[in-house]
Amino acid sequence: MPGGGQEPGSYYVGVDVGTGSVRAALVDQRGVLLAFADQPINQWEPQFNHHEQSSEDIWAACGVVTKKVVQGIDVNRIRGLGFDATCSLVVLDKQFRPLPVNHEGDSHRNIIMWLDHRAVSQVHRINETKHGVLQYVGGVMSVEMQAPKLLWLKENLRETCWDKAGHFFDLPDFLSWKATGVTARSLCSLVCKWTYSAEKGWDDSFWKLIGLEDFVADNYSKIGNQVLPPGASLGNGLTPEAARDLGLPAGIAVAASLIDAHAGGLGVIGADVRGHGLACEGQPVTSRLAVICGTSSCHMGISKDPIFVPGVWGPYFSAMVPGFWLNEGGQSVTGKLIDHVVRGHAAFPELQAKATARCQSVYAYLNSHLDLIKKARPVGFLTVDLHVWPDFHGNRSPLADLTLKGMVTGLKLSQDLDDLAILYLATVQAIAFGTRLIIEALEAAGHSLSTLFLCGGLSKNPLFVQMHADITGMPVVLSQEVESVLVGAAILGACASGDFASVQEHIMSSFSVSGMHA
Ligand SMILES: Nc1ncnc2c1ncn2[C@@H]1O[C@H](COP(=O)(O)OP(=O)(O)O)[C@@H](O)[C@H]1O
Ligand SMILES: O=C(CO)[C@H](O)[C@H](O)COP(=O)(O)O
């Protein structure tokens, strides 16, 4: 985080709530990550396609990781705190207590996760309205967005949840409320997942048309009628109670949040690439596509003017980089798909035992196993007879069809470790082809892209990165700081502290690159 008039020796804390774990980082004013901690979080799947979490669990995990990263440092040098999180729906009652989002009435499980597909009938009806707001989500609303989930709650849990609800938060906004007591929402979450327009605000006619006129009647108090740009300072900063929970000083600045993919995008899209001979050096930042690859992959492209891309979310104004429009392509399951395919294979126990014996992750083991069996040919040729269609959880972009399913063609009777390694390779390749399809859709609509900037857990997998370079034909840049999503969250804290003028100031300076695959 170079530049700015910050105090010498200032620290910022970033908290990233992913699907599977909560991570925190302590970052200095140069954007260098000084300490990192992570903590897994619980998920429940009470029935197929219902995915739930607990806001109390998540907040407790935030406390575990923030306390770890500030151990042994002078906490008075911490100037700001920023959160990012998955775009899951948190439900609280009028006294801010958790409400159940399930038929069992378990109020501990008060989050409908982003990848939950329970609201299929609701999203079909919403899409049938052809309302104008749908133009800003690629023409088709995703079942993973908040409006269909809210409608599901109204239609299915009227007494136990809907009638008692006082607050519906996107998870990033829940975290900033919990830290400060301020219920203002981030422009990022409301624009990207709730149909809010940065220019026109809420559209009453949409909510009335889909049967959620309740929100209009109370002036959107339950879903947010105060909206702030990401990085804006909230209220009086960290409350004494939250400070105790997190082990941080009361009163430090807390920022309006970002969705996790957007924090990752912010963390990488401004990387300093000088001296690497990349096509994007000297080209506008709009030639870069940030791809945040974790449980899902999110493809973030920005533009000066709005670009409407069929099947790709957006265009969203100022939702990631202030002053720029954002198009967000995505694949709902990528890391989750690879884990699913590998763990479900008959040879997985053998793989696990062999990887453990070598003190390697199963993916490092599989990558070296592929090198072993490929012989003289490039690794990609191992899959000439085996192909995967990766839409096991529907297609988010650019086909925007939640009914699509996965496929594998070319299966044989053998199920040994070679077969597992080749199936894993075919899955990674299929995901990379999915990215290529998204890039083609973005370019057909007017984006001009030259370089991919990858971050997230999957960017630690060299095979995943190389296949993206080979299959898209674009150079792939990795940031020197592998935890770029957390750096994005810390940037928010730095902005909220007032040490830096704007989020834009950071991203247009920031970080150097470490790896390139071409
Ligand atoms: N070193 C690694 N090698 C290969 N895959 C990895 C590695 N680290 C994480 N992953 C994969 O990345 C995915 C999780 O990424 P992460 O960014 O932690 O997800 P989330 O933010 O959704 O919780 C998982 O599928 C995991 O298997
Ligand atoms: O919809 C998204 C961003 O708009 C993400 O897919 C969702 O937030 C989950 O992220 P992750 O895969 O990093 O856990």
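Within each chain, residue numbers correspond to sequence positions counted from 1 in written order. As a convention, the first chain written is A and the first ligand written is 1, with the rest following in written order. Where local features are concerned, this predicted model is filtered to residues with pLDDT of at least 70; where side-chain atom pairs are given and counted, the filter is 80 or more; whole-chain, interface and lining totals use all residues. Side-chain numbers here rest on the full set of heavy atoms in the structure, without hydrogens or water.

The name given to the protein in an unreviewed UniProt entry is FGGY carbohydrate kinase domain-containing protein, and the organism recorded there is Lynx canadensis. UniProt positions are given in the numbering used here, feature names are shortened, and annotations may be inferred rather than shown by experiment. UniProt, in the comment section headed Catalytic activity (unreviewed entry), describes the protein in these words: "D-ribulose + ATP = D-ribulose 5-phosphate + ADP + H(+)".

Using the residue numbers shown here, the UniProt feature "domain: Carbohydrate kinase FGGY N-terminal" (unreviewed entry) corresponds to residues 11-267. Helical segments are the DSSP runs of H or I of at least four residues, strand segments are the runs of E of at least two, and each set is numbered from the N terminus. Helix makes up 30% of residues 11-267 and strand 21%, whereas the separation of the span's terminal C-alpha atoms amounts to 17 Å.

This next bit is on the environment of aspartate 57. Looking at the element boundaries, aspartate 57 is found in helix α1 (residues 55-69). Sequence separation between aspartate 57 and isoleucine 41 is 16 residues; the distance between their C-alpha atoms is 7.0 Å. Look past the residues within four positions of aspartate 57 in its chain and what remains in contact with it is Asn42, Trp44 and His108. In the analysis that follows, any N or O atom pair within 3.5 Å is treated as a polar contact, provided that within protein one partner can donate a hydrogen and the other can accept it, and provided that, for residues neighboring in sequence, both atoms belong to side chains. One polar contact links aspartate 57 to histidine 108, side chain to side chain, over a distance of 3.2 Å. Only heavy atoms enter the contact rule, under which two residues are in contact if any of them lie within 4.5 Å.

What follows concerns the UniProt feature "domain: Carbohydrate kinase FGGY C-terminal" (unreviewed entry) in the protein. When the UniProt feature table is mapped to this numbering, "domain: Carbohydrate kinase FGGY C-terminal" (unreviewed entry) covers residues 289-496. As annotated, residues 289-496 has a helix share of 40% and a strand share of 19%, and its two end C-alpha atoms lie 26 Å apart.

A pair of aromatic rings is counted whenever rings of Phe, Tyr or Trp (Trp by its six-membered ring) have centres within 6.5 Å, and the orientation is called stacked for planes under 30 degrees apart, edge-to-face for over 60 and tilted otherwise. In total, this model carries 16 aromatic pairs according to the counting rule given. Ring centres 5.4 Å apart and planes at 85° place the aromatic pair tryptophan 207 and phenylalanine 215 in the edge-to-face group. One aromatic cluster is present, built from ring pairs that chain together Trp162, Phe168, Tyr196, Trp202, Phe206, Trp207, Phe215 and Tyr220. Note that arginine 118 overlies the ring of tryptophan 152, its terminal NZ or CZ placed 4.6 Å from the centroid. Any Lys NZ or Arg CZ that is within 6 Å of a ring centre and within 35 degrees of that ring's normal is treated as a charge sitting over the ring. Seen from the ring of phenylalanine 324, lysine 304 lies directly overhead, with NZ or CZ sitting 4.3 Å from the centre.

Further remarks concern the domain arrangement of the protein. Per the domain assignment, the segments of the protein are domain 1 (11-254), domain 2 (261-333 + 439-517) and domain 3 (335-433). Annotation comment: domain bounds sourced from an automatic or database domain assignment. A C-alpha centroid distance of 22 Å is found between domain 1 and domain 2. Each side of the interface is counted separately: domain 1 has 42 residues, and domain 2 has 36 residues. A simple way to read buried area is as the amount of 1.4 Å-probe accessible surface that goes missing from two parts once joined, with both sides added. When domain 1 packs against domain 2, the two sides together hide about 3,000 Å² of surface, and 66% of this comes from carbon and sulfur. Each reported salt bridge corresponds to a side-chain nitrogen of Lys or Arg within 4 Å of a carboxyl oxygen of Asp or Glu. Viewed at the interface, domain 2 and domain 1 are joined by one salt bridge. With a closest N to O distance of 2.6 Å, arginine 79 and aspartate 499 form a salt bridge. Summed over the shared surface of domain 1 and domain 2, the number is ten residue pairs in polar contact (both at pLDDT 80 or more). No other element matches strand β5 (residues 78-85), which puts six residues into the side of domain 1 that touches domain 2.

Below, the discussion takes up the state of the cysteines. Disulfide: a pair of cysteine sulfur atoms within 2.5 Å of each other. In total, this model carries zero disulfides according to the counting rule given. Between cysteine 192, a cysteine without a disulfide, and cysteine 188, which holds the nearest cysteine sulfur, the sulfur-to-sulfur distance is 4.5 Å. Think of it in three bands: with a 1.4 Å probe and only protein chains considered, a residue is buried below 20% of the maximum accessible area for its type, exposed above 50%, and partly exposed in between. Assessed through its relative accessible area of 0%, cysteine 192 is described here as buried. You can see cysteine 495 has no disulfide; the closest cysteine sulfur is in cysteine 188, sitting 14 Å from it. The buried category is assigned to cysteine 495, whose relative accessible area is 11%.

Here we come to the packing of helix α12 (residues 362-373) against helix α13 (residues 417-445). Helix axes use the C-alpha atoms of the stretch in contact, all axes being lines fitted to C-alpha atoms, and the angles between their N-to-C directions lie in the range 0 to 180 degrees. α13 packs onto α12 with a crossing angle of 105° between their chain directions and a minimal axis gap of 10 Å. With respect to their mutual orientation, α12 and α13 come out roughly perpendicular. Facing Tyr363, Tyr365, Leu366, Asn367, His369, Leu370 and Ile373 of α12, the residues of α13 in contact are Leu417, Asp418, Leu420, Ala421, Ile422, Tyr424 and Leu425. Put simply, Ala, Val, Leu, Ile, Met, Phe, Trp, Tyr, Cys and Pro go in the nonpolar bin, Asp, Glu, Lys and Arg in the charged bin, and everything else, Gly too, in the polar bin. Its residues assigned to classes, the contact of α12 with α13 shows eleven nonpolar, two polar and one charged. In this scheme, roughly parallel covers angles under 35 degrees and roughly antiparallel covers those over 145, while 65 to 115 is roughly perpendicular and the rest are oblique.

What follows deals with the nonpolar core. Buried together is how nonpolar side chains tend to be arranged in soluble globular proteins. What we call a nonpolar core is a set of buried Ala, Val, Leu, Ile, Met, Phe, Trp, Tyr and Cys residues that are connected through their side-chain atoms within 4.5 Å. In this structure, Leu153, Phe168 and Trp207 are the most contacted members of the largest nonpolar core, which totals 79 residues. No other element matches the six residues that helix α15 (residues 484-497) contributes to this core. Of the domains in this structure, domain 1 (11-254) and domain 2 (261-333 + 439-517) are the two that each give at least three residues to this core. If near-sequence neighbours (up to four positions away) are discounted, tryptophan 207 is found in contact with Ala147, Leu150, Trp194, Thr195, Trp202, Leu212, Glu213, Phe215, Val216, Tyr220 and Ile223. Counting 53 residues, the second largest nonpolar core, distinct from the first, contains Val342, Val379, Ala430 and Leu463.

Another point: the site of ligand 1. We define proximity as follows: a residue is near a molecule or strand when any one of its heavy atoms falls within 4 Å of that partner. Around ligand 1 lies a shell of 14 residues, among which Gly20, Arg23, Thr295, Asp339 and Gly457 are the nearest. Between ligand 1 and the protein, one listed contact pairs an oxygen atom with a backbone N or O atom of threonine 19 at 3.1 Å. Aspartate 339 places a side-chain nitrogen or oxygen 3.0 Å from an oxygen atom of ligand 1. The protein chains shown are the only cover counted for residues, whose accessible areas, like all others here, come from Shrake-Rupley with a 1.4 Å probe. Burial of ligand 1 by the protein amounts to 74% of the accessible area it has alone, namely 570 Å².

Turning our eyes to something else, we now look at the packing of helix α10 (residues 335-343) against α13. Two numbers describe how α10 lies on α13: the axes approach to 10 Å, and their chain directions differ by 165°. It follows that α10 is roughly antiparallel to α13 by the angle criterion. Here the hand of the crossing between α10 and α13 comes out right-handed. Side by side, α10 and α13 meet where Leu337, Ile338, Val341 and Val342 of the first sit next to Leu420, Leu423, Tyr424, Thr427, Val428 and Ile431 of the second. Two helices cross in a left-handed way if the nearer one is turned anticlockwise from the farther one by less than a right angle. They cross in a right-handed way if the turn is clockwise.

A few words on helix α14 (residues 462-472). With eight of its eleven residues buried, α14 lies for the most part within the structure. Where α14 is concerned, the buried positions are Leu463, Phe464, Val465, Met467, His468, Ala469, Ile471 and Thr472. The N-cap of α14, judged by a side-chain oxygen 3.0 Å from the amide nitrogen of leucine 463 a few residues on, is asparagine 461. Trailing α14 by a residue or two, glycine 473 shows a phi angle of about 75°, which is positive.

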